[in-house]
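# Report on the structure
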Amino acid sequence: MNQRVTQRFDVSQVHLAAELLRDGKLIAFPTETVYGLGANAWNESAIADLYAAKGRPSDNPLIVHVGSMDQIRAVARDVPETALRLIHRFWPGPLTLVLPKHRDLSSRVTGGLDSVGIRIPKHPTALALLQSAGVPVVAPSANRSGRPSATTWQSVVEDLHDRIDGVIMDAPTTIGLESTVVDLTQSHPVILRAGAISLEAVQSVVPETIEATSGTDTQILRRSPGTRHPHYQPVAKVILHPWCGDVPTQLHHVQPWIGEGLEDASRAWIGLHAPPETFAADGIPWTAQERCASVEHYAQRLYAFFREMDHAGVDCIVCESVPEDGIGRALNDRMQRAAGRA
Ligand code: TXA
Ligand code: MG
């Protein structure tokens, strides 16, 4: 692919970035979840460039980001009543709704599907960019395909320097994990990807919502192509550790948490607890350990920690699982995928 000059914009230059975006250039920008790599949804060649820049499989559909409700009618054929209820409660915000696709929208955007994922983000810079561009903007996470998503503009540059036309240099993202994806094209709403808006929160508006679990329903997997490909993986091997709050202390003595062949590997820990003492039994000190103050903080830090540990050359990262509620469900999902287990 062609090398590009990646321009850096500060937040006061959003209108310049918006002009380039409208003209078919690839511009990375912050959202409340992770940084996104934007392209004009009406521009077929920009979309082809975007897949190439990320190295993204062409069957993995993109989320269309819009800055106002009237743009939704241009990309979705139908906005059912359930969608309106969720929109009213959660937009702008980290919720992507999968709706029937409008025929004017290129099937390149949707990976050949007849549905389209749409969201209005909550981030002021993202909203300013979308409103200034005045066109719907496709935006996958701004990372090389398979890598952890970018939660800082520096991570965007690390992965996509010379492959994109610009990046807006804003603060690290506050949520740190991607939006919740809800499919509304079936008889029951289905959560295809857990995210910041929890299952419980979605069910409080639409009680019949169910959750897709990758192991159980191949029909659903087919509808969610993004879940088929490897995701969120640092170079270091990711190892899951059970939630320490639930594990009886003596269990730590019998479970070989560090896999075979990795006994001498350098290691890092991230979790809500300090690493269990048994790890110290083999005499290898931690290269780094991070104890997060809350599940929200853990979510915000996970991808950045992965990248920092890769820079430090750590061999494996041990991640403590968290209870399966609220954003904990999304956090466990990303850690399982990073560990290659989902
Ligand atoms: O928080 C987010 O959603 C971020 C920010 C930038 O908005 N974007 C993001 O995009 O995570 P991406 O491309 O990395 O993930 C999009 C996910 C994929 O799993 C994809 O398969 C799914 O959404 N998706 C998109 N359109 C879909 C559709 N029509 N049907 C089923 N799944 C869809
Ligand atoms: Mg992604």
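Conventions adopted
- Residues numbered from 1 in each chain as written.
- Chains lettered and ligands numbered in written order.
- Predicted model: local features only at pLDDT ≥ 70, side-chain atom pairs only at ≥ 80, totals over all residues.
- Heavy atoms only, no water.
- Helix = DSSP H or I, 4+ residues; strand = E, 2+ residues; numbered from the N terminus.
- Rg over C-alpha atoms; globule rule 2.2 N^0.38 Å.
- Buried < 20%, exposed > 50% of the residue type's maximum accessible area, 1.4 Å probe, protein only.
- Contact = heavy atoms within 4.5 Å.
- Areas by Shrake-Rupley, 256 points an atom, 1.4 Å probe, with all protein chains shown as cover.
- Lys, Arg positive; Asp, Glu negative; His and termini not counted.
- Charge placed at Lys NZ, Arg CZ, Asp CG, Glu CD.
- Core = buried A, V, L, I, M, F, W, Y, C linked by side-chain atoms within 4.5 Å.
- Salt bridge = Lys/Arg side-chain N within 4 Å of Asp/Glu carboxyl O.
- Polar contact = N/O pair within 3.5 Å; in protein donor to acceptor, adjacent residues only side chain to side chain.
- Phe/Tyr/Trp six-rings, centres within 6.5 Å; stacked < 30°, edge-to-face > 60°.
- Axes fitted to C-alpha atoms, helices over the stretch in contact; angles between N-to-C directions.
- Parallel < 35°, antiparallel > 145°, perpendicular 65-115°, else oblique.
- Left-handed = near helix turned anticlockwise from the far one by under 90°.
- Nonpolar A, V, L, I, M, F, W, Y, C, P; charged D, E, K, R; others polar.
- Pairing = 2+ DSSP bridges.

## Observations regarding the overall build of the protein chain
A tally of helices and strands in the protein chain yields 11 helices and 15 strands. The C-alpha atoms of the protein chain give 20 Å as radius of gyration, which agrees with the globular expectation for 342 residues (20 Å, within 12%). Projected onto its principal axes, the C-alpha coordinates of the protein chain cover approximately 60 × 50 × 30 Å. A burial count over the protein chain gives 57% of its 342 residues as buried. Considering only contacts in the protein chain between residues 6 or more positions apart, those separated by 24 or more positions represent 68%. In the structure as shown, the protein chain presents an accessible area of about 14300 Å², 50% of it carried by carbon and sulfur atoms. Distance between charge centres in the protein chain, computed from 31 positive and 38 negative side chains, equals 6 Å.

## Comments concerning the environment of W243
With respect to the secondary-structure elements, W243 resides in the loop between β12 (237–241) and α9 (251–254). Residues W243 and I327, spaced 84 residues apart in sequence, show a C-alpha to C-alpha distance of 15 Å. Setting aside residues no more than four positions away along its own chain, W243 makes contact with L272, H273, E320, S321, V322 and P323.

## With respect to the environment of L26
Relative to the elements of secondary structure, L26 occurs in the loop between α1 (14–22) and β2 (27–29). In this structure, the C-alpha to C-alpha distance between L26 and D49, residues 23 residues apart in sequence, is 7.9 Å. In contact with L26, not counting residues within four places along its chain, are R4, L37, G38, A39, A46, D49, L50, A53, R163, I164, D165 and G166.

## Let's talk about the nonpolar core
If you look at the biggest cluster of nonpolar residues, it comprises 49 residues, and the most contacted ones within it are L86, L95, L97, I118, V138 and V156. Elements that contribute at least two residues to this core include exactly β3 (36–40), α2 (44–54), α3 (72–75), α4 (81–90), β5 (95–100), β6 (115–119), α6 (153–160) and α7 (199–205). For this core, the element with the most residues is α2, which contributes 5 residues. Excluding residues that lie within four positions of it along the chain, V156 makes contacts with A28, Y35, A142, A150, H161, I164 and V167.

## With respect to the pattern of salt bridges
Summed over all chains, the structure comprises 19 salt bridges. One salt-bridge network, held together by shared partners, links R147, E158, D159, R307 and D310.

## Considering the side chain of T110
Locating T110 in the fold gives a position in the loop between β5 and β6. Among the polar contacts listed, one links the side chain of T110 to the backbone oxygen of L113, at a separation of 2.8 Å. Ignoring sequence-local partners within four residues, the contact set of T110 consists of P61, K101, L105, S115 and V116.

## Quick look at the packing of aromatic side chains
Throughout the structure, instances matching the rule amount to 2 aromatic pairs. Aromatic side chains Y232 and Y303 sit 5.7 Å apart centroid to centroid with 20° between the ring planes, which places their arrangement in the stacked category. You can see Y232 sitting in the loop between α8 (218–223) and β12 and its partner Y303 sitting in helix α10 (residues 295–311), a full 71 residues away along the chain. Neither Y232 nor Y303 differs from the other in exposure class; each is buried. When the ring of W269 is compared with that of W286, the centres are 6.1 Å apart and the planes differ by 65°; the resulting orientation is edge-to-face. Of the two residues, W269 is situated in strand β13 (residues 267–271) and W286 in the loop between β13 and β14 (288–291); the sequence distance between them amounts to 17 residues. The pair W269 / W286 is uniform in exposure class, with both members buried.

## Thoughts on the packing of α10 against helix α11 (residues 328–338)
Close contact between α10 and α11 brings their axes to 9 Å; oriented N to C, the two are set at 20°. When the axis of α10 is compared with that of α11, the two are roughly parallel. By crossing handedness, the relation of α10 to α11 is classed as left-handed. Along its contact with α10, which presents V295, Y298, A299, L302, Y303 and F306, the element α11 presents G328, L331, R334, M335 and A338. Partitioning the contact of α10 with α11 into residue classes produces 9 nonpolar, 1 polar and 1 charged.

## Observations concerning the sheet that holds strand β15 (residues 316–320)
Strand pairing within a sheet occurs via backbone hydrogen bonds; the two strands may be parallel or antiparallel. Here we have 4 strands laid out as an open sheet, ordered β12-β15-β13-β14, and parallel in their pairing. Looking at strand neighbours, the two that pair on one side only are β12 and β14, the edges of this open sheet. Adjacent strand axes in the sheet meet at a mean angle of 15°, parallel and antiparallel pairs treated alike. By the bridge criterion, 5 bridges tie β12 to β15 in an arrangement that is parallel. Bridge pairing in β15 places L240 opposite C319. Across the sheet, α11 touches β12 and β15, and the angle it forms with β12 is around 135°.

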